[in-house]
Amino acid sequence: MKASPSAQLPACEGIMPRIDQYPWGALYRIGLGYVIPLLYYRIFSKEDSGWFLVLWFLCCLIVLRVVPAVLRKLLPFTKEARAIWIERRQIAKRYDSYQWRKLFWLGIGMACYVAISGAWDGIVGALTAFCIIGGGLGVVFWQNRCATENLTIE
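Right, let's walk through the structure included here. (Residues numbered from 1 in each chain as written. Predicted model: local features only at pLDDT ≥ 70, side-chain atom pairs only at ≥ 80, totals over all residues. Heavy atoms only, no water.)

The helix and strand tally for the protein stands at six helices and zero strands. In the protein, the order of α-helices and β-strands from amino to carboxyl end is α-α-α-α-α-α. Of the roughly 9200 Å² of accessible surface on the protein, 67% is carried by carbon and sulfur atoms. (Helix = DSSP H or I, 4+ residues; strand = E, 2+ residues; numbered from the N terminus. Areas by Shrake-Rupley, 256 points an atom, 1.4 Å probe, with all protein chains shown as cover.)

Bringing helix H3 (residues 51-74) into the picture now. Here H3 contains 24 residues, and its C-alpha end-to-end distance of 34 Å stays within 8% of the 34 Å for a straight helix at 1.5 Å per residue. Regarding H3, the residues found buried are Leu 53, Val 54, Trp 56, Phe 57, Cys 60 and Arg 72. (Expected span 1.5 Å × (residues − 1). Buried < 20%, exposed > 50% of the residue type's maximum accessible area, 1.4 Å probe, protein only.)

Right, let's talk about the layout of surface pockets for a bit. The computed volume of the largest pocket comes to approximately 880 Å³. Taken together, 23 residues make up the lining of the largest pocket; nearest its centre are Arg 29, Leu 64, Arg 65, Pro 68 and Lys 102. Counting residues per element, the ones that place at least two in the lining of the largest pocket are helix H2 (24-43), H3, helix H4 (79-94) and helix H5 (96-117). It is H3 that provides the largest number of residues to the lining of the largest pocket, a total of seven residues. Grouping the amino acids of the lining of the largest pocket by side-chain chemistry returns 15 nonpolar, one polar and seven charged. (1 Å grid on protein atoms, 1.4 Å probe; cavity = no way out; pocket = protein on both sides within 12 Å on 5 of 7 lines; lining within 4 Å. Points joined across faces, edges and corners; volume = space filled by probe spheres on them. Nonpolar A, V, L, I, M, F, W, Y, C, P; charged D, E, K, R; others polar.)

Counted at 1.5 Å a residue, the expected span for H4 with its 16 residues is 22 Å, and the 22 Å between its end C-alpha atoms agrees. Within H4, burial applies to Ala 81, Ile 84, Trp 85, Arg 88, Ile 91 and Ala 92. The arc enclosing the buried residues of H4, seen along the axis, measures out at 125°, which places them on a common side. When the buried face of H4 is taken as reference, the exposed residues oriented beyond 90 degrees from it are Lys 79, Lys 93 and Arg 94. (Arc of directions from axis to C-beta.)

A cluster of nonpolar residues, Ile 62, Val 63, Val 66, Val 67, Val 70, Leu 71, Leu 74 and Leu 75, forms a patch on the protein surface that exposes about 670 Å² of accessible area. Within the secondary structure, Ile 62 sits in helix H3. (Patch = residues over 30% accessible without salt bridge, like charges linked within 9 Å, V, L, I, M, F, W, Y side chains within 5 Å. Salt bridge = Lys/Arg side-chain N within 4 Å of Asp/Glu carboxyl O.)

As C-alpha cells, this is what we get:
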C-alpha cells in the first residue's frame, strides 16, 4: 500500500493530502495539541471541573474528524486526491495504531502548553500523559506494522 500525494495533483490541491504526512502532520497536530487546552482555559473558568477538559478534548477530536469530511464533500477535489484520502481512511479502519499515533503529537502539543503555562494540574497532566503514552504506543505498533507488512504510509 502506498498513500503519498501524487505529483500530478495541482499545487493548491496537493497541499491538502500532504498536511497529513510527516513532518507536516506532526507539526499540525502539535499546534492543535497546544491550542486545545489554551482555548479551553480561555472559554471556561479554571474552577470548572477538569472533566470538562476531557469532554472538550473529545469534542475537538470529533470536530477534527467531521470538518475534513465535510470539506471533502463540499470542495471539488480531483480523483487522485480523493483516492489518497480513501486509501488512508481504509488503512485507519484496518489499523487502530494508524489513528492512535496521532494522539502522540497532540499530547506533545499539550505538554508544550502545560510547560509554558505551568498548568500541570490533575486532569490536564493526566490527559497529556494519556495522549503521549497511548499515542507513543500507537507509533511503536504502527512502525512495527509498516515493517512487517511493507506499508509506506507516513
